[in-house]
Amino acid sequence: MHRWHSVLLLALGAAVAHAQPSARPGEPVVRYDGHKIASVTLRDLRDLRTLEALGIDPFVCELRRDGPNDFRVPPDALADLVASGIPHTIIVEDLQRVADAERERINRSLPRNDSWFAEYKDLAAVETYMAELAALRPDLVTEITLGNSLQGRPIRGLRIANDGVDIGRCKPAILLNSVQHAREWITVMNNMYVADHLVRQYETDAYARHLVDHAVFYIVPVVNPDGYVYTWTTDRYWRKNRRSHGFGIFGVDLNRNWGYKWGLSGLGSSAGSGSPWSDVYWGASPFSEPETQRLRDFVLARPEIKAHNDIHSHGQLILWSWGWTDAPIPDQAEWQDIGDEMAARILDVDGRVFEAGSINSVIYPVSGGSVDWFYYEFGVLSMSYELRGPGFNPPATDILPGSAETLGATLFQAESMIEMYQFRADWNRDCVNDLLDLLDFLDDFAVCDPRADLNLDGVCDVLDLLDFLQYFEQGR
Ligand code: 0X9
Ligand code: ZN
C-alpha cells in the first residue's frame, strides 16, 4: 500500500466521525432534501481535507482502500465541491427523494400478495414472518429471544435444526446476525432468506437438509431493533443504537462496542471514536450496550457455536479478522480458502464480484468489532458480509437476487464449519472440550471400548491416545 493511503485512511476515519447527530424522539423526521451522493476519487490527502472542510462526509463507513468512495454533499456545499476541482460524479441527485420513493413504494406494495421478499419489511413484519416459519415446521424451527434492547424491545431469532437426527456427537452451530447497523435494511432480508430456504426447501434441497441435520442455525435478523425501528420512523440513514447521551445526542455504534481491542485510539478514527456524536462511537465501556451484551451472553451460553456471520451492507465483501491489526490471523490461509470459495459461489450465481480478505487489509482498521471478538474468544469461523448496494436503498427488486446470490456461500460457510468442528474429543457430548472428556476417554480406553479405537485398527493403543490428544488440543 502506498504511504499516502494509510494517511488517507486515518483522515477518512476522521471524516466518518463527524456525522450529524440525530433528532430527539418526538422531533420531526430527519430529512435529506437536496443532499447529493457523489462518487469521489480522491487524488491525495489534500482532497480529503478539502471535503472535510466543506462539510462533505463519507456516506458509507466501508471506505475502500482503493477506488472511488461515496460522499454525502449537503446542498450548500455543492458549489464549493465543483469549485474545488476534485473529480467526482453525482450518483444521487437528491437523497431525500430516494428515501421518499422507497417509502412510497413500500406503502404501495403492502396490500399486495407478492413473495415476502418482494419488499423490505419493518420489525413487526419480520417477527410475524419468523412466527410463520416456526408454525410451518415446528419440528425444525424454534423461536428464540435473546433478551431486550435498550428501549425494551425483544431481540428475537430462530433456531433451525433437526434434533431428530442423532449424529452421535455435538452438532456445531452457526450464528447469522444482521443489522448491528440500523440502516442496512437489505441484510435483514438476506438473513431471513436463509431461514426461509432452510425451512421451506428442507424436503427438496438435499444440501440444505444435510446442513439442517448436521448443524444448528441461529438466525437473528435484527440485533439492533431500536435503531431499526428508528430508520423506519424517523431517520432512514441512522446507523447506531438509540442510547441517549443527553444534549440531544444519541447512539453507540454496536460494531465498535465489543470487548476485544475495544476503544483503541491511534488506528485512525474509522476504527472507532470516543465522541458520543460520532457515527462510530464505541460507547462508555466494552459491552456497555444491552444489544451487544445480549448477543455476547447468547454465545457464551452456547459453546457449540463454531461459526458466525455478521451481515452488513454494502461493499460486496467477505471479511474476517483481524479488524484491529494488519497482522494475519493464525488461520489466515484456511480462512482465505473458505472465503475464496464463498466468493466463487457468489460469482457463479449472478456474476457479482465479492472480495474476500481480512477487514483490516480490505477496508480499514476496526476496533471493538464483533468479528474480532468471536475469533479471539473462541477461534471460530467468524466472517462478515458486506452485501450489494448501491447505498442503503437497493431497489426492492434486488432483495431476491441479492439473497439468492449469497445463499450458497452462507451454506458453504456452514458446511466448512461442520467439517472443521467435529467435536471428536468431546467425549461426554456437552459441546465443550474439558478435563471430564479426557477422564471419560481414559475410562473407555482402559477397557478398550470400540469408541476409543479412534483409528479403527482394532486395538486400543498409544496411537489412539495421541489422536485423542490432538483432537483435544485443536478443539475441533
Ligand atoms: O464500519 C463497519 O463497521 C463496517 N462497515 S459498515 O459500512 N457496514 O458500517 C466495516 C467493518 C468490517 N466489516 C464488517 N464486519 N462487515
Ligand atoms: Zn454495517
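This text goes with the structure placed above it.
What comes next concerns the included structure. (Residues numbered from 1 in each chain as written. Chains lettered and ligands numbered in written order. Predicted model: local features only at pLDDT ≥ 70, side-chain atom pairs only at ≥ 80, totals over all residues. Heavy atoms only, no water.)

### A short note on the overall build of the protein chain
Then, number 1: For the protein chain, the count of helices and strands is 15 helices and twelve strands.
Then, number 2: In terms of its C-alpha atoms, the protein chain occupies a principal-axis envelope of roughly 85 × 55 × 45 Å.
Then, number 3: For the protein chain, buried positions account for 56% of its 476 residues.
Then, number 4: Long-range pairs, those at least 24 residues apart, make up 76% of the contacts in the protein chain between residues at least 6 apart in sequence.
Then, number 5: Split by element, the accessible area of the protein chain, about 18,800 Å² in all, is 53% carbon and sulfur.
Then, number 6: Computed over 43 positive and 69 negative side-chain charges, the separation of the two mean positions in the protein chain equals 7 Å. (Helix = DSSP H or I, 4+ residues; strand = E, 2+ residues; numbered from the N terminus. Buried < 20%, exposed > 50% of the residue type's maximum accessible area, 1.4 Å probe, protein only. Contact = heavy atoms within 4.5 Å. Areas by Shrake-Rupley, 256 points an atom, 1.4 Å probe, with all protein chains shown as cover. Lys, Arg positive; Asp, Glu negative; His and termini not counted. Charge placed at Lys NZ, Arg CZ, Asp CG, Glu CD.)

### Some points on the sheet that holds strand β12 (residues 381–387)
Then, number 1: The strand order across the open sheet built from eight strands is β5-β6-β8-β7-β9-β12-β10-β11, with neighbouring strands paired in mixed fashion. Two strands close off the open sheet at either side, each with one partner strand: β5 (141–148) and β11 (355–358). Adjacent strand axes in the sheet meet at a mean angle of 20° when their direction is disregarded.
Then, number 2: As defined by bridge partners, strand β7 (residues 173–178) adjoins strand β8 (residues 216–220) across five bridges and the pair is classed as parallel. Of the residues in β8, the one forming a bridge with Leu176 is Ile219. (Pairing = 2+ DSSP bridges. Axes fitted to C-alpha atoms, helices over the stretch in contact; angles between N-to-C directions.)

### Structural notes on the nonpolar core
Then, number 1: Core analysis: the largest hydrophobic core is formed by 86 residues, its most contacted members being Tyr120, Ile160, Phe217 and Ile318.
Then, number 2: Beyond its immediate sequence surroundings of up to four residues, Ile318 is in contact with Gly339, Met342, Ala343, Ile346, Phe354, Glu355, Ala356, Gly357, Met383, Ser384 and Tyr385.
Then, number 3: Counting residues in hydrophobic clusters, the runner-up holds 14 residues, among them Tyr32, Leu95, Ala99 and Tyr237. (Core = buried A, V, L, I, M, F, W, Y, C linked by side-chain atoms within 4.5 Å.)

### Things to note about the pattern of salt bridges
Then, number 1: For the coordinates displayed, the defined rule picks out 23 salt bridges.
Then, number 2: Members of the salt-bridge network, linked through shared partners, are Asp350, Arg388, Asp398 and Glu405. (Salt bridge = Lys/Arg side-chain N within 4 Å of Asp/Glu carboxyl O.)

### Considerations on the sheet that holds strand β4 (residues 88–92)
As a general point, the strands of a sheet are linked pairwise by backbone hydrogen bonds and lie either parallel or antiparallel.
Then, number 1: One open sheet holds the four strands; their spatial order is β2-β3-β1-β4, and the pairing between them is antiparallel. With partners counted over all chains shown, the strands left at the sheet margins are β2 (57–58) and β4, one partner each.
Then, number 2: Sheet topology note: the β2/strand β3 (residues 69–73) ladder contains two bridges and is antiparallel. If you follow Asp57 over to β3, its bridge partner there is Arg72.

### Structural notes on the environment of Val212
Then, number 1: As for its placement among the helices and strands, Val212 is situated in helix α7 (residues 206–214).
Then, number 2: Judged by its relative accessible area of 0%, Val212 is buried.
Then, number 3: Separated by 72 residues in the primary sequence, Val212 and Leu140 have C-alpha atoms spaced 8.2 Å apart.
Then, number 4: Setting aside residues up to four positions removed in sequence, Val212 forms contacts with Leu140, Ile160, Ala161, Asn162, Leu198, Tyr202 and Phe217.

### Topic: the state of the cysteines
Then, number 1: Evaluated as defined, the whole model comprises two disulfides.
Then, number 2: A sulfur-sulfur separation of 2.1 Å characterises the disulfide bridge that pairs Cys170 with Cys431. What sets the handedness of the Cys170 and Cys431 disulfide is the S-S torsion sign, and at about 100° it is right-handed. Of this pair, Cys170 sits in the loop between β6 (154–160) and β7 while Cys431 sits in the loop between α13 (399–420) and α14 (435–446); the two residues are 261 residues apart in sequence, bridging distant segments of the chain.
Then, number 3: Bridging Cys448 to Cys460, the disulfide has an S-S length of 2.1 Å. Handedness here is read from the sign of the S-S torsion; for Cys448 and Cys460, about 90°, the answer is right-handed. Of this pair, Cys448 sits in the loop between α14 and α15 (462–474) while Cys460 is found in the loop between α14 and α15, placing the two residues twelve residues apart along the sequence.
Then, number 4: For Cys448, a relative accessible area of 35% translates into the label partly exposed. (Disulfide = S-S within 2.5 Å.)

### A closer look at the packing of helix α10 (residues 332–350) against α13
Then, number 1: Orientation of α10 relative to α13, taken along the N-to-C sense of each, is 150°, at an axis distance of 8 Å. Classed by the angle they form, the pair α10 and α13 counts as roughly antiparallel. For the crossing formed where α10 meets α13, the hand is right-handed. Contact with α10, carried on its side by Glu334, Trp335, Ile338, Glu341, Met342, Arg345, Ile346, Val349 and Asp350, involves Pro401, Ala404, Glu405, Thr406, Gly408, Ala409, Phe412, Gln413, Glu415, Ser416 and Met420 of α13 and no other residues of that element.
Then, number 2: Here the contact of α10 with α13 is built from residues that sort into ten nonpolar, four polar and six charged. (Parallel < 35°, antiparallel > 145°, perpendicular 65-115°, else oblique. Left-handed = near helix turned anticlockwise from the far one by under 90°. Nonpolar A, V, L, I, M, F, W, Y, C, P; charged D, E, K, R; others polar.)

### With respect to the layout of surface pockets
Then, number 1: Estimated volume of the largest pocket: approximately 470 Å³.
Then, number 2: Lining the largest pocket are 23 residues, and of these Asp70, Ile91, His314, Pro390 and Gly391 sit closest to its centre.
Then, number 3: Of the residues that constitute the lining of the largest pocket, the class distribution is ten nonpolar, eight polar and five charged. (1 Å grid on protein atoms, 1.4 Å probe; cavity = no way out; pocket = protein on both sides within 12 Å on 5 of 7 lines; lining within 4 Å. Points joined across faces, edges and corners; volume = space filled by probe spheres on them.)

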